[in-house]
Amino acid sequence: MTTFADDLATLRPETASTQDTYVELRSDTFTLPTPTMLEAAARAPLGDDVYGEDPTVDRLEQLAAELLGKQAGCLMPSGTMANLTALLAHCPRGGKAIVGHESDVYVYEAGGASLCGGIVYDPLPNLPDGTIDPAAIAEACAVDRSDPQIAPPAVLSLETPQNRCGGLPLQLDYLSEVSRLIRSHGIALHLDGARLFNAAVALGVSAAEVAKHADTVQICLSKGLCAPIGSVLVGDRVTIAAARRMRKMLGGGMRQAGMIAACGIVALTDMTERLAEDHARAARLARGLSRIPGVRLDPGPPLTNMVFFKVRDDRYTTRTLIEAARRRGIRVEELGTDRIRAVTHAGVDDDAVDRAVSVFGDLLGHDAMVR
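Note that the structure is a prediction, hence the values are computed from the model and not measured.

Caption draft 1: Region of the structure containing the pattern of salt bridges. Enumeration over the complete set of coordinates arrives at 23 salt bridges. Between E333 and R319 there is a salt bridge, with the nearest N and O atoms lying 2.5 Å from each other. Placement of the pair is E333 in strand 12 (residues 333-334) and R319 in helix 14 (residues 318-327), with a sequence separation of 14 residues. Overall, the relative accessible area of 30% leaves E333 in the partly exposed class. Salt bridges sharing common partners tie together R274, E277, D278, R281 and D350.

Here you go:
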């Protein structure tokens, strides 16, 4: 009888070779599961998670909750579903979710809270550092709840690191200030921490320190942490129970999900500390790019694993430059008008960073050395 474990030797060479011919910088979602993850998935004790009987899922959920200082966790197929179930658990139909206008929840998650939950989005401007002005939050919170014309606010969703604002982590004193502010109005705080461990590494604190001011937090396992699938939503037991019900309603109830959870356990135990390497390589990439005339870092040197830059060169539009780089084996993408994002991750080493800088230097007609 052939098992998944027997096939690992065949799987590994194929998956390892797919990125050998190019440098993948479009996103850290392109990370591949490690051999340790594949071994763990093949040998994980399994059960039916919809019945609450998968021991590996239970272990992952407990681990995530403990790392983030919360009572309970729920494995989700994606970060989008984790964010959506959190908003549905916090906010009644006809209520309002306060969000940043540059947040992934608002920009990239298909309006799910409105479609599935009858929730009104209240988008407030994100400042360049990813924050929302506390005065604007206070104004959005201070409504007359007795007025039947008003959609009462029930939850504020923040994102850290803030993807579209340069991958910048929110500062802890800001999270503390906003938490106190909204609680005075009886409003919950949800934290979209898809890359929360990157924020923790950048700030030099534990993940629990980043998460402690939020009622619910979602973390993604399949970005820089290299798991193939999944996110975990954590919070208090009552809210997570409500989110678990929402997960089932959305079709996210999974059966022998321990194969996924086993990879997530490895992600949380083995892969969080190495994120500092990705940050160092992002800084290396940014230094090299910044030495190429016509290239401007936007907003500036990276604090996490994301490098954003703009190019001024009459020979190219942003799209034609991206395509020219792709033909030379470098994959990046536009994020924001005429702004390119390059994301470092476990599949990108120093040589790959140097190759990317060299290709952009060559395309723009200048030599650029990484030091």
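Caption draft 2: Inspection of the confidence of the model for the protein at higher detail. The predicted model of the protein has a mean per-residue pLDDT of 93, with 93% of residues at 70 or higher. Long-range and interchain partners of residues 9-18, a stretch whose pLDDT sits below 50, account for six contacts in this model, where long-range means more than four residues apart. Within the model, the stretch residues 367-371 combines pLDDT values under 50 with twelve contacts to residues more than four positions away or in other chains.

Caption draft 3: Molecular detail of the pairing of strand 5 (residues 153-159). Of all seven residues making up strand 5, seven are buried, and the element is well covered by its neighbours. Summarising the sheet, strand 3 (residues 96-100) and strand 5 pair through three bridges and their orientation is parallel. For I98, the partnering residue across the bridge sits in strand 5 and is L156. This β-α-β element, strand 5 to helix 8 (residues 172-183) to strand 6 (residues 188-193), shows right-handed connectivity.

Rules of the game
- Residues numbered from 1 in each chain as written.
- Predicted model: local features only at pLDDT ≥ 70, side-chain atom pairs only at ≥ 80, totals over all residues.
- Heavy atoms only, no water.
- Salt bridge = Lys/Arg side-chain N within 4 Å of Asp/Glu carboxyl O.
- Helix = DSSP H or I, 4+ residues; strand = E, 2+ residues; numbered from the N terminus.
- Buried < 20%, exposed > 50% of the residue type's maximum accessible area, 1.4 Å probe, protein only.
- pLDDT = per-residue confidence, 0-100.
- Contact = heavy atoms within 4.5 Å.
- Pairing = 2+ DSSP bridges.
- Right-handed = clockwise from strand over helix to strand, strands pointing away.

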